[in-house]
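Residue strings, one per chain:
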Amino acid sequence: MMKLGLKSRSRRVVQDSSMAVEKSKVLMGKIKGESDENCSYFCWASLPPELLREVLMKLEESESKWPARKHVVACAGVCKSWREVMKELVKTPEASGKITFPISVKQPGPRESLMQCFIKRNRSNQTYYLFVSLSQALADDGKFLLSARKCRRPTCTDYMISLHADDNTSKGSETYVGKLRSNFLGTKFVVFDALPPHSGAKMAKSWSTRMVGSKQISPKLPAGNYTVAHISYELNVLGARGPRRMHCVIDAIPVSAIKPGGVAPTQTYFPLTSVDSSPALPLFGLKSSSFNKSSSGLTSNHADSPLVLRNKAPRWHEQLQCWCLNFHGRVTVASVKNFQLVASPENGEAGPEHEKVILQFGKVGKDVFTMDYRYPLSAFQAFAVCLSSFDTKIACE
C-alpha cells in the first residue's frame, strides 16, 4: 500500500512539473508576442515627424469622402504621435465640408455650401437613422452618423439620439448624445444636448447624475440636459392654406454667428468613454476644455440674443395648385413635412445672410427624407429639428 501511494504521488509530481513547463512556455510566448508588438509599435511611432506629416497630409487630401475616408480614421488610431498629427490636419466641417470623426456631428456645417444628408425611417421599431450622402444620388448607401429612437411617455414624446445605430439609445448609454422632447400635442419641442454646447451653457433642472468617462479621467462631465433649441409649430385654427409654420429659437447659437466674421460654438472633444474602444468610432481624448480657442470667448458673445429661424415663404403654383419651394432637385415628393429654414428678420435688419437656406428637409420616398444643413447648425442640431417634423400636428396643417 505504501509503495502504491509513493508511485501515485511521484506521478502527480511529474504531471505538475510538466504543466508548469507548459505554462512557462505559453507565458514566454506571450511575452515574446507582446515584445514584438511593442517593437512594431515603436517602429511606427518613431518615424521622423517631417516624413510622417507629409504622408498623412497626402492621405488626408486624397480621400475626401467615405468609405475611403476610413483610412484617415485608421491612421489616427495607430499611436499618439499619429493621432496628434491627424488632429492638426483634419479640419472641422465648417472649414473642410467633410465629416470624419464622431465629434463632427456636434460641429457647425460648411459656410459656403449645404452638407447633404438623408434620414431613413424604420416604422417597425420607431427609429430614425441619419446618413451623410456619398454621392449626388438622393438615397445612396451613405455614411451613418446618428440614430434616434422614439419613446412615447404619458405626457410627452422623447427622441433619444445616439452615436450608434444599434444602441438602445437610453440616457444611461455612453453613446447617448442628446434628445428631442415634445409636448403632448406635438406642437412644441425642446432640444437637449448631453454635454454643454458652449462654455457658458447651464444645465436644465432635470438632469442625470451619471458621470461620463472612466474613473481615471478628470475632470468628469455630468451627462445632463443642456438646452439647445426650442421649436414651435403655429396653430392653424382658421384653416388657411399653406404648409406648417415653424419657429425655431436656437439657444446654443448667438445671432452674431450668421453675421460676417461671426463665430458659432464649436465642440472639439468628446469625453473619453468606452466608445473609444470601438474601431468604427474612434474618439480623441479629453482635454481641459471641450471647446477650441476660437470659441473660448463665446461666453460674452452668447449674451447676445439667440439665433431665430423661420420657414422660407413658399409661392402658390396656379397650374399645379400647390405651394412650391425650390429644393434644387433634392425633394421629389410633395409632403406637409417639407420645409426650408432661414434666419428670421427679427434677428435684425434683413441682409444677404437672411436669404440663405440654413436647413432644408423633404421627402424623396416612403421612408426616406433628405436633410441638408449649413453653418451655423451642426448635424446633431439639424437632425433634432427635422425629427420634430415627423410627429402628427393637430390643427397645424
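See the structure shown above.
The rules behind the values
- Residues numbered from 1 in each chain as written.
- Predicted model: local features only at pLDDT ≥ 70, side-chain atom pairs only at ≥ 80, totals over all residues.
- Heavy atoms only, no water.
- Buried < 20%, exposed > 50% of the residue type's maximum accessible area, 1.4 Å probe, protein only.
- Helix = DSSP H or I, 4+ residues; strand = E, 2+ residues; numbered from the N terminus.
- Pairing = 2+ DSSP bridges.
- Salt bridge = Lys/Arg side-chain N within 4 Å of Asp/Glu carboxyl O.
- Core = buried A, V, L, I, M, F, W, Y, C linked by side-chain atoms within 4.5 Å.
- Contact = heavy atoms within 4.5 Å.
- Phe/Tyr/Trp six-rings, centres within 6.5 Å; stacked < 30°, edge-to-face > 60°.
- Lys NZ or Arg CZ within 6 Å of the ring centre and 35° of its normal.
- Axes fitted to C-alpha atoms, helices over the stretch in contact; angles between N-to-C directions.
- Parallel < 35°, antiparallel > 145°, perpendicular 65-115°, else oblique.
- Left-handed = near helix turned anticlockwise from the far one by under 90°.

## Considerations on the pairing of strand β16 (residues 368-373)
Piece 1. In terms of burial, β16 is largely enclosed, as six of its six residues are buried.
Piece 2. Here strand β1 (residues 115-122) runs beside β16; their pairing, made up of six bridges, is antiparallel. Counted as the bridge partner of Gln116 is Asp372 from β16.
Piece 3. Pairing analysis gives five bridges linking strand β15 (residues 359-363) to β16, with the strands arranged antiparallel. Note that in β16 the partner of Gly362 across the bridge is Thr370.

## Details of the pattern of salt bridges
Piece 1. Scanning the entire structure with this criterion turns up eleven salt bridges.
Piece 2. The closest approach of N and O atoms between Glu60 and Lys98, which form a salt bridge, is 3.8 Å. Placement of Glu60 in helix α2 (residues 49-62) and of Lys98 in the loop between α5 (93-96) and β1 is noted, with a sequence separation of 38 residues between them. As far as burial versus exposure is concerned, Glu60 and Lys98 are alike and both buried.
Piece 3. Between Asp158 and Arg153 there is a salt bridge whose closest N-O contact spans 2.8 Å.
Piece 4. Relative accessible area serves as the criterion here: at 1%, Asp158 is assigned to the buried category.
Piece 5. What makes Arg153 partly exposed here is its relative accessible area of 38%.
Piece 6. One connected set of salt bridges, linked through shared partners, spans Glu60, Arg69 and Lys98.

## Quick notes on the nonpolar core
Piece 1. If you look at the biggest cluster of nonpolar residues, it comprises 70 residues, and the most contacted ones within it are Leu146, Leu359, Met371 and Phe383.
Piece 2. Counting residues per element, this core draws most heavily on helix α7 (residues 379-387), which supplies eight residues.
Piece 3. Ignoring anything within four residues of it in the chain, the contact list for Met371 reads Met115, Gln116, Cys117, Phe118, Ile119, Leu130, Leu359, Gln360, Ala379, Ala382, Phe383 and Cys386.
Piece 4. Within the second largest apolar cluster, five residues are counted, among which are Phe118, Tyr129, Val364 and Val368.

## Brief notes about the packing of aromatic side chains
Where two aromatic rings form a pair, the distance of their centres and the angle of their planes describe that pair.
Piece 1. Taken as a whole, this structure holds nine aromatic pairs when the rule is applied.
Piece 2. Here Tyr128 and Phe390 contribute two aromatic rings whose centre-to-centre distance is 4.6 Å and whose plane-to-plane angle is 40 degrees, an arrangement assigned as tilted. Here Tyr128, found in strand β2 (residues 127-132), pairs with Phe390, found in the segment after α7; they are 262 residues apart in sequence, far enough to count as distant.
Piece 3. Among the residues examined, Phe390 registers a relative accessible area of 7% and is labelled buried.
Piece 4. Connected via pairs of aromatic rings, a cluster forms that spans Tyr128, Tyr159, Phe339, Phe361, Phe369 and Phe390.
Piece 5. A cation over a ring is seen here: Arg111 above Tyr375, with NZ or CZ 3.8 Å from the ring centre.

## Topic: the packing of α2 against helix α4 (residues 80-89)
Piece 1. Contact geometry of α2 with α4 gives a least axis separation of 10 Å together with a crossing angle of 50 degrees. Here α2 is positioned oblique relative to α4, judged by the angle of their axes. Classified by chirality, the crossing of α4 by α2 is right-handed. When α2 is examined against α4, the residues Leu52, Arg53, Leu56, Met57 and Glu60 are found in contact with a partner set consisting of Ser81, Trp82, Val85, Met86, Glu88 and Leu89.

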